[in-house]
Amino acid sequence: MDAKEQSEPLTITVEEADRRLGISRGLAYALVRAAKTYLRVSNVGLAELGLQQGQDALLRYVWQKAGLLQSELVGCLSVEPPTITKMLARLEKAGFVKRRRDPKFKKQWRVYLTAKGRHAEKTVQDHWTRMEALATRGLTADDQRAFHALALRVRENLTGNR
């Protein structure tokens, strides 16, 4: 191998690597790859809006109900309390939300939108619309309904919720 060959990085797609290694790609593989790819592409758009992965979901709840308890967001997003604390700290630092102590329960924090947070709603919703259009390009309305129903069923199977 000459010096030029050694300096060039080997770049192949995940699909090509799997093919070369003979790795089977079943339904679970396709589902995980699609979700990871969706998040990777979405994260680029969110970053352009000054947001990180998951912060848009948190904002969605605060847009629906101002003054949510920080502990309520833990349940809404199915994450651990430290994750919400870190997300809110970043959103607060970026100027999207403000936390205030609950007047009745001094150990509880309530989350409120700032003007920047309120103004971000339309932009984030537009991002979600673009992402859905991109992800479902070439799928018929029937395909989309079927996929939606099947994705919900898979989630129910995995969580045990029926």
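Since the model is a prediction, treat every value here as computed from it, not as a measurement.

K.L.:
Looking at this model, I keep getting lost on the overall build of the chain. Mind explaining?
P.N.:
Of the regular secondary structure elements, the chain holds 8 helices and 3 strands. Sequence-ordered secondary structure for the chain, helices as α and strands as β, is α-α-α-α-β-α-α-β-β-α-α. Relative to its length of 162 residues, the chain is extended, with a C-alpha radius of gyration of 21 Å against a globular reference of 15 Å. Viewed in the frame of its principal axes, the chain has a C-alpha envelope of about 70 × 50 × 30 Å. Counting all 162 residues of the chain, 22% fall into the buried class. In the chain, 46% of the contacts between residues at least 6 apart in sequence involve partners at least 24 apart.

K.L.:
Mind showing me how you'd approach the environment of Leu88 here?
P.N.:
The topology assignment puts Leu88 in helix H6 (residues 81–93). Judged by relative accessible area, Leu88 falls into the buried class, the value being 0%. Separated by 29 residues in the primary sequence, Leu88 and Leu59 place their C-alpha atoms 9.7 Å from one another.

K.L.:
What is the right way to read the pattern of salt bridges from this model?
P.N.:
If the charged atoms of two oppositely charged side chains come close together, the side chains can form a pair. In total, this model carries 6 salt bridges according to the counting rule given. For Lys98, the salt bridge identified is with Glu92, shortest N-O distance 3.9 Å. Overall, the relative accessible area of 43% leaves Lys98 in the partly exposed class. Its relative accessible area of 23% is what places Glu92 among the partly exposed residues. Close ionic contact of Asp142 with Arg145 constitutes a salt bridge, the shortest N to O distance being 2.3 Å. Separated by 3 residues within a single helix, Asp142 and Arg145 lie in helix H8 (residues 141–159), roughly one turn from each other. In terms of burial, Asp142 and Arg145 fall into one category: exposed. Here the salt bridges share partners, and the residues they tie into one network are Glu92, Lys98 and Arg99.

K.L.:
How should I be thinking about the packing of helix H4 (residues 55–64) against helix H7 (residues 115–135) in this particular structure?
P.N.:
Helix packing for two helices is described by the angle between their axes and how far apart those axes are. At their nearest, the axes of H4 and H7 sit 10 Å apart, and the two run at 125° to each other. Comparing the axis directions of H4 and H7 gives the class oblique. The element H4 and its partner H7 pack so that their crossing is left-handed. In this structure, H4 uses Asp56, Arg60 and Trp63 to contact H7, whose residues at the interface are Gly117, Arg118, Ala120, Glu121, Val124 and Trp128. For the contact of H4 with H7, the class distribution of residues is 4 nonpolar, 1 polar and 4 charged.

K.L.:
In this structure, what is going on with helix H3 (residues 27–48)? I would like to understand it.
P.N.:
The periodicity of an α-helix, 3.6 residues per turn, causes residues three or four places apart in sequence to face the same way. Its 22 residues give H3 an end-to-end C-alpha distance of 32 Å, which sits within 8% of 32 Å, the value for a rise of 1.5 Å per residue. All of the buried residues in H3 are Ser42, Gly45 and Leu46. The inward-facing, buried residues of H3 abut H4 and H7.

Scoring rules and cut-offs
- Residues numbered from 1 in each chain as written.
- Predicted model: local features only at pLDDT ≥ 70, side-chain atom pairs only at ≥ 80, totals over all residues.
- Heavy atoms only, no water.
- Helix = DSSP H or I, 4+ residues; strand = E, 2+ residues; numbered from the N terminus.
- Rg over C-alpha atoms; globule rule 2.2 N^0.38 Å.
- Buried < 20%, exposed > 50% of the residue type's maximum accessible area, 1.4 Å probe, protein only.
- Contact = heavy atoms within 4.5 Å.
- Salt bridge = Lys/Arg side-chain N within 4 Å of Asp/Glu carboxyl O.
- Axes fitted to C-alpha atoms, helices over the stretch in contact; angles between N-to-C directions.
- Parallel < 35°, antiparallel > 145°, perpendicular 65-115°, else oblique.
- Left-handed = near helix turned anticlockwise from the far one by under 90°.
- Nonpolar A, V, L, I, M, F, W, Y, C, P; charged D, E, K, R; others polar.
- Expected span 1.5 Å × (residues − 1).

All we've got here are geometric facts, nothing functional implied.
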